[in-house]
Amino acid sequence: MIRCDVLVVGAGPAGSAAAATLAAGGCRVLLVEKDRFPRDKVCGEFLAGGALLSLDRLGALTAVEAAGPERIGEGSVSPARGGDVPFRLPSPAFGLSRRALDALLAEHAGRAGAEVRFGVRALSIAGGAEAGFEARLGTEGGSEEVAARAVVGAWGRWDALDRSLDRGFLRRPRYFGWSRDYGGATGFLAGKVRLYLFPGGYCGLSRVERGEVNLAGVISESARRAIGGGWEAVVEHARLGNRQLDLDLSRLEPGPRGFLGTVPVVFTAKPPVERGMLMAGDAAGVLDPFSGEGQSSALASGILAGDIILAYLGGGLTAAAHPRAYETAWRERFAKRFAWSAMLRTLILDPRLSRIAARLAGERLVRFAIGRLSGG
């Protein structure tokens, strides 16, 4: 039996942020991740200004800057029909691949004192906040048992644990996401992020480190089924539905890594606490990628989970009170972002409404949306 103060499941931005916060506070932390890093992941690979503040709080900002991210200050939204709507970001953002970022943050958690183990999956978690938790981990050599006083669930958009916990979000409307890399003459995207709307979905282009370009998109399950075929067919559908996207992609060259796709994704807030476990990042709710706030919220929620558990282990909160404290703080910090994201999703996925909104409000609407989605 392995014993630790805190078990953190998932080494994405939320899990690594929680582990680094806890380890820096003197906790014995076990951070487990089913994948092996570095690895690619479907993501917009966009770090908004709030994410940079969290990275600074963690002490990881200098390392992220050294990785050579694209510095992004402006962008545009292209409706399915009509002209582009330009905008400036309220604060500088970074474009950095998840392949680089996740590995960097997990290494940072390890340097802070967390034990980081890759290729390890949490198969089951039992117990609760007052009695403590027991988890069974699947490893290449078999399985191991872990006892922990607290657990942070940061396993991402979906995991088999979600089904075992009977989390209700699995029954809501679903979407699919994809991404792929591009290269070539990418200078027209320097310092910019571009969002394109098309029937049934949307996608975005932006540069990451080394001037490489990331295309990431979302499409509804019904549209995906109607199109059929692979991700190439989805991109062709998007190009036919948005002339600006077609023009911009024609200026790029497909990269060597090819397409990545997700299992079905549900864009919604989820319970931030499950059976006494503090859920962070996408495990607590998946924000629509058009918000640009997914990684910012993941980092912030991981830090918040770490701070609440430190207060509990330090005697400032009881075992029973710390999940309630986290749930209250999480909802105060993030619930409005999810509400605004859902409202704007309706607008974006309706070509007629998005066209009218772009014509009548344009940049003012985009500035309003950015402010609400960032918590402003």
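Everything numeric here is computed off the predicted structure, so don't read it as measured data.

1. Remarks on the overall build of the protein
When helices and strands are counted, the protein shows 12 helices and 17 strands. Against the compact-globule benchmark of 21 Å for 376 residues, the protein has a radius of gyration of 20 Å, which places it among compact chains. Dimensions along the principal axes, computed over C-alpha positions, put the protein at roughly 60 × 40 × 35 Å. Here the protein holds 376 residues, and the buried ones make up 56% of them. Expressed as a percentage of contacts within the protein between residues at least 6 apart in sequence, the contacts between residues at least 24 apart total 70%. In the protein, 48 side chains carry a positive charge and 39 a negative one; their mean positions are 5 Å apart.

2. Some words on the nonpolar core
Formed by 74 residues in total, the largest nonpolar core has its most connected members in Leu-7, Leu-47, Leu-55, Ile-125, Val-152 and Tyr-326. With 10 residues, helix H9 (residues 294-313) is the largest single contributor of residues to this core.

3. As for the packing of aromatic side chains
When we look at a pair of aromatic rings, we describe it by the centre distance and by the angle of the planes. Taken as a whole and assessed by the stated rule, the structure comprises seven aromatic pairs. With a centroid separation of 5.5 Å and an interplanar angle of 50 degrees, the aromatic rings of Trp-330 and Phe-334 are classed as tilted. With Trp-330 and Phe-334 both in helix H10 (residues 321-348) and four residues apart, this pair spans about one turn of that helix. Among the aromatic residues, ring-to-ring pairing joins Trp-178, Phe-198 and Trp-231 into one connected group. A cation sits over an aromatic face here: Arg-149 above Tyr-312, 5.5 Å from the ring centre.

4. Comments concerning the pattern of salt bridges
With the rule as written, the count across this model stands at 25 salt bridges. With a closest N to O distance of 4.0 Å, Arg-88 and Glu-74 form a salt bridge. Placement of the pair is Arg-88 in strand E5 (residues 85-95) and Glu-74 in strand E4 (residues 70-78), with a sequence separation of 14 residues.

5. Let's talk about H9
For H9, with 20 residues, the first-to-last C-alpha span of 29 Å sits near the 28 Å given by 1.5 Å per residue. Burial of H9 is extensive: 16 of the 20 residues sit out of reach of the surface. Backbone geometry just after H9 places Gly-315 at a positive phi near 95 degrees.

6. A look at the pairing of strand E2 (residues 29-33)
With respect to burial, E2 is a largely interior element, five of its five residues being buried. Taking every second residue as pointing to the same face, both faces of E2 are buried, with Val-29, Leu-31 and Glu-33 on one and Leu-30 and Val-32 on the other. Once you follow strand E1 (residues 2-9) into helix H1 (residues 13-24) and on to E2, the crossover reads as right-handed. The pairing of E2 with strand E6 (residues 115-118) spans four bridges and is parallel. If you follow Leu-30 over to E6, its bridge partner there is Glu-115.

Quick notes on the rules
Residues numbered from 1 in each chain as written. Predicted model: local features only at pLDDT ≥ 70, side-chain atom pairs only at ≥ 80, totals over all residues. Heavy atoms only, no water. Helix = DSSP H or I, 4+ residues; strand = E, 2+ residues; numbered from the N terminus. Rg over C-alpha atoms; globule rule 2.2 N^0.38 Å. Buried < 20%, exposed > 50% of the residue type's maximum accessible area, 1.4 Å probe, protein only. Contact = heavy atoms within 4.5 Å. Lys, Arg positive; Asp, Glu negative; His and termini not counted. Charge placed at Lys NZ, Arg CZ, Asp CG, Glu CD. Core = buried A, V, L, I, M, F, W, Y, C linked by side-chain atoms within 4.5 Å. Phe/Tyr/Trp six-rings, centres within 6.5 Å; stacked < 30°, edge-to-face > 60°. Lys NZ or Arg CZ within 6 Å of the ring centre and 35° of its normal. Salt bridge = Lys/Arg side-chain N within 4 Å of Asp/Glu carboxyl O. Expected span 1.5 Å × (residues − 1). Right-handed = clockwise from strand over helix to strand, strands pointing away. Pairing = 2+ DSSP bridges.

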